[in-house]
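Take a look at the letters that make up each chain.
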Amino acid sequence: MGCKSCGSGTNEDGTPKGCGSKGACNTSSCNQRSTYDWLSDLGIDDPYAASIVEVSFKNGASKDFYYAPSELEVFTGDNVAVETKNGYNVGRITLSGELVRLQMKKKKVREEKVTESIIRRANTRDMERLAEVRDMERSTLVKARAIARSNHSKMKITDVEFQGDGKKATIYYTCDERVDFRELVRQFSHQFRIKIEMRQIGPRQESARLGGIGSCGRELCCSTWLSDFSSVNTAAARYQNIAINQAKLSGQCGRLKCCLNYELDTYMEALEVFPKKADKLRTEAGLAILIKTDIFKGIMYYTYKENRGLLYPIPVAKVHEILAMNKAGDKPIDLQSNQLVVEEKDDVFGYEDVTGAIELPAEKRRKKRRKKKSGTNAKGRSSGSGRKPASGDSRANTGEAKTSNTGDKPAAGGETKEGSRSSKRRRGRSNNRNKKRGENASTGPKASSGGGDKPANKPSTPKPTGEGGKGGSSSSGRKKRTPRRKKRGGDAPKGD
């Protein structure tokens, strides 16, 4: 709908409803199947001007030709009231002058068949009445579909179009077979209290009236500018090397897309230089078969039937030569000698290899120390309590015992397993010290505050505490030692 002649009315601030350009476009480009009368904008008087104009209804959903008396002085873009068989209708002039003759010739309409004419310019009351009936179309469509479904009719009601005076409504429907809708028309007339006209349309016309967005991201061609529908078949897809996928080749109407015919002539012209029967080529290296074709580059890709690993791009001229040789009984050596050689172009902006020319300084990484939880050794077991160290233990009374949990060295009295690093380091220790530790592990004496160690009075063997216990012996027969308690101060360290 044109902004300055918007049929949907205006907003409270006076701006017209519709595309939202605030009344500045004045091109009516948002009409369905809109036309541009470029002759009327030139300002040239036509001495043989035709008195017939083209009038569109419901924003271009339907169009017809009418006589325009010269005394009315109506031009392209004017809203007019035209006569009908019962009442009048309100539309907008889209074409006038010489372009109308061309449009009538395209649609094969003779001037003798144009019998209706324009009554007057549409006034304010006509536009208000038109807006009222346009608002009624939505609710009428819902009721009409409900009535058709209750009668178990196989038709699909697509759209409802009211006449400008509201005395007639045209119901558009689609159906795959013939339907007797006489009883249905009676129910529509009784329900809506107006004259009803039923008109059957095809699936392409249905999409044109409803509109929508295509797979290309633009509005449907049939609802914007395409006025005639030509037949489309799958051969158009084959000529353009498009995969025959029904879901991708079909439009919203369920038929093949009309845009398959847009570039078909260009492809047909490019295919004229290609050989007709070139699916197979005979060479001394083996039989070659055609895999794909690049139409606009003029390249045909072949591969050997026995070995389909490599594709050989052969120009069309070479393919003609090989076919002529095969027809004469000769065979080329192989496909590789006839393939297209692609010359690699040197890059204008090259990059110099600086490997070895620039030495980056080595990164110095600091070794991160593992942060251990307080009171746990490297094995994750408590080392703060458990037993009193023996008096002969030299590390119990020195500063080494204080740093046993910092991460540099494991705790001296912590538990170790066979084969671990800590056990290997301690293999050189005396058996007497290990014996004393084993004897003191079960007693658990308290550390003296004076700095000296008190030996155990009665050595006892550790009692098994069951599976998983820390104080018991394991299944391998090795005694588990409880971690010793840290001690501050003490005697002087003794040499091993």
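The structure this text deals with has already been given above.
Heads up: these notes are all about the structure in this document. (Residues numbered from 1 in each chain as written. Predicted model: local features only at pLDDT ≥ 70, side-chain atom pairs only at ≥ 80, totals over all residues. Heavy atoms only, no water.)

**Points about the sheet that holds strand β5 (residues 118-121)**
Phase 1 of the analysis: Across the sheet, five strands lie side by side as β2-β1-β4-β3-β5; this open sheet has antiparallel pairing. The sheet is open, and its two borders are formed by β2 (62-67) and β5, each paired with just one other strand. Here the strands of the sheet are splayed against their neighbours by 45 degrees on average, with no regard to which way each runs.
Phase 2 of the analysis: Looking at chain direction, strand β3 (residues 79-83) and β5 are connected through three bridges and run antiparallel. Within β5, the residue paired with alanine 81 across the bridge is arginine 120. (Pairing = 2+ DSSP bridges. Helix = DSSP H or I, 4+ residues; strand = E, 2+ residues; numbered from the N terminus. Axes fitted to C-alpha atoms, helices over the stretch in contact; angles between N-to-C directions.)

**A look at unusual backbone geometry**
Phase 1 of the analysis: The backbone phi angle of histidine 152 is positive, close to 55 degrees, even though this residue is not glycine.
Phase 2 of the analysis: Turning to its location among the elements, histidine 152 is positioned in the loop between α2 (124-150) and β6 (156-162).
Phase 3 of the analysis: Looking at histidine 152, the relative accessible area reads 71%, which means it is exposed.
Phase 4 of the analysis: Positive phi values are uncommon outside glycine, yet asparagine 241 reaches one of about 60 degrees.
Phase 5 of the analysis: Here asparagine 241 lies in the loop between α6 (235-239) and α7 (246-249). (Buried < 20%, exposed > 50% of the residue type's maximum accessible area, 1.4 Å probe, protein only.)

**A short note on the layout of surface pockets**
Phase 1 of the analysis: Put simply, the second largest pocket is a space of about 1200 Å³.
Phase 2 of the analysis: Along its surface, the second largest pocket is lined by 39 residues, and Ala61, Ser62, Lys63, Asp64 and Arg199 are the ones closest to its centre.
Phase 3 of the analysis: No other element matches β2, which puts five residues into the lining of the second largest pocket.
Phase 4 of the analysis: Of the residues that constitute the lining of the second largest pocket, the class distribution is 16 nonpolar, eleven polar and twelve charged. (1 Å grid on protein atoms, 1.4 Å probe; cavity = no way out; pocket = protein on both sides within 12 Å on 5 of 7 lines; lining within 4 Å. Points joined across faces, edges and corners; volume = space filled by probe spheres on them. Nonpolar A, V, L, I, M, F, W, Y, C, P; charged D, E, K, R; others polar.)

**Brief notes about the sheet that holds strand β10 (residues 286-294)**
Phase 1 of the analysis: The sheet built from four strands is open, its strands ordered β9-β10-β11-β12 with antiparallel pairing. Looking at the sheet topology across the chains shown, the edges are occupied by β9 (280-283) and β12 (312-315). The mean inter-strand angle of the sheet, taken between neighbouring strand axes irrespective of direction, is 40 degrees.
Phase 2 of the analysis: Summarising the sheet, β10 and strand β11 (residues 299-304) pair through six bridges and their orientation is antiparallel. Directly across from lysine 292, in β11, lies its bridge partner tyrosine 301.
Phase 3 of the analysis: Against the sheet, helix α9 (residues 316-328) contacts β9, β11 and β12, and its axis sits at roughly 85 degrees relative to β12. (Contact = heavy atoms within 4.5 Å.)

**Re helix α3 (residues 182-192)**
Phase 1 of the analysis: Restricting attention to buried positions, one finds in α3 the residues Leu184, Val185, Phe188 and Phe192. The arc that holds the buried residues of α3, viewed along the axis, is 100 degrees, so those residues lie on one side. Away from its buried face by more than 90 degrees, α3 exposes Arg182, Arg186 and His190.
Phase 2 of the analysis: Buried residues along α3 sit against α2, β6, β7 (168-174) and β8 (195-200). (Arc of directions from axis to C-beta.)

**Some points on the nonpolar core**
Across soluble globular proteins, nonpolar side chains have a tendency to be buried as a group.
Phase 1 of the analysis: Judged by nonpolar contacts, the single largest core of 24 residues is most densely connected at Met155, Ile157, Ile171, Phe188, Ile196 and Met198.
Phase 2 of the analysis: The set of elements that each furnish at least two residues to this core consists of α2, β6, β7, α3 and β8.
Phase 3 of the analysis: Broken down by element, the residue count for this core peaks at seven residues, all from α2.
Phase 4 of the analysis: Aside from chain neighbours lying at most four places away, what touches methionine 198 is Met155, Ile171, Tyr173, Phe181, Val185 and Phe188.
Phase 5 of the analysis: Membership of the second largest hydrophobic core comes to 16 residues, among which are Phe274, Leu281, Tyr302 and Ile314. (Core = buried A, V, L, I, M, F, W, Y, C linked by side-chain atoms within 4.5 Å.)

**Here we look at the pattern of salt bridges**
It is possible for side chains bearing opposite charge to pair when their charged atoms get close.
Phase 1 of the analysis: Within this structure, the stated rule accounts for 18 salt bridges.
Phase 2 of the analysis: The closest approach of N and O atoms between arginine 209 and glutamate 161, which form a salt bridge, is 3.1 Å. Within this pair, whereas arginine 209 is found in helix α4 (residues 203-210), its partner glutamate 161 is found in strand β6, the two being separated by 48 residues in sequence. The pair formed by arginine 209 and glutamate 161 is uniform in burial state, with each residue classed as buried.
Phase 3 of the analysis: Across the pair glutamate 197 and lysine 168 runs a salt bridge whose closest N-O atoms are separated by 2.7 Å. Taken together, the residues span a long stretch of sequence, with glutamate 197 in strand β8 and lysine 168 in strand β7 at a distance of 29 residues.
Phase 4 of the analysis: Salt bridges sharing partners connect three or more residues here, namely Lys58, Arg134, Glu137, Asp159, Glu161 and Arg209. (Salt bridge = Lys/Arg side-chain N within 4 Å of Asp/Glu carboxyl O.)

**A closer look at the side chain of asparagine 338**
Phase 1 of the analysis: Following the sequence through the fold, asparagine 338 ends up in the loop between α9 and α10 (421-425).
Phase 2 of the analysis: For asparagine 338, a relative accessible area of 14% gives the class buried.
Phase 3 of the analysis: In terms of polar contacts, asparagine 338 uses its side chain to reach the backbone carbonyl oxygen of aspartate 334, at 3.2 Å.
Phase 4 of the analysis: In this view, asparagine 338 contacts Ile314, Pro315, Lys318, Ile322 and Pro332; residues no more than four positions away in its chain are not counted. (Polar contact = N/O pair within 3.5 Å; in protein donor to acceptor, adjacent residues only side chain to side chain.)

**Side note on the packing of aromatic side chains**
Each pair of aromatic rings is reported with the distance of its centres and the angle of its planes.
Phase 1 of the analysis: Overall, the coordinates contain six aromatic pairs when judged by the stated rule.
Phase 2 of the analysis: Geometrically, the ring pair formed by tyrosine 304 and tyrosine 312 is edge-to-face, given 5.6 Å between the ring centres and 70 degrees between the ring planes. Considered together, tyrosine 304 and tyrosine 312 belong to a single accessibility category, that of buried residues.
Phase 3 of the analysis: Just above the ring of tyrosine 88 sits the side chain of arginine 120; from NZ or CZ to the centre is 5.4 Å.
Phase 4 of the analysis: Over the ring of tyrosine 172 we find arginine 209, and its NZ or CZ is 3.7 Å from the ring centre. (Phe/Tyr/Trp six-rings, centres within 6.5 Å; stacked < 30°, edge-to-face > 60°. Lys NZ or Arg CZ within 6 Å of the ring centre and 35° of its normal.)

Structural measurements only, silent on function.
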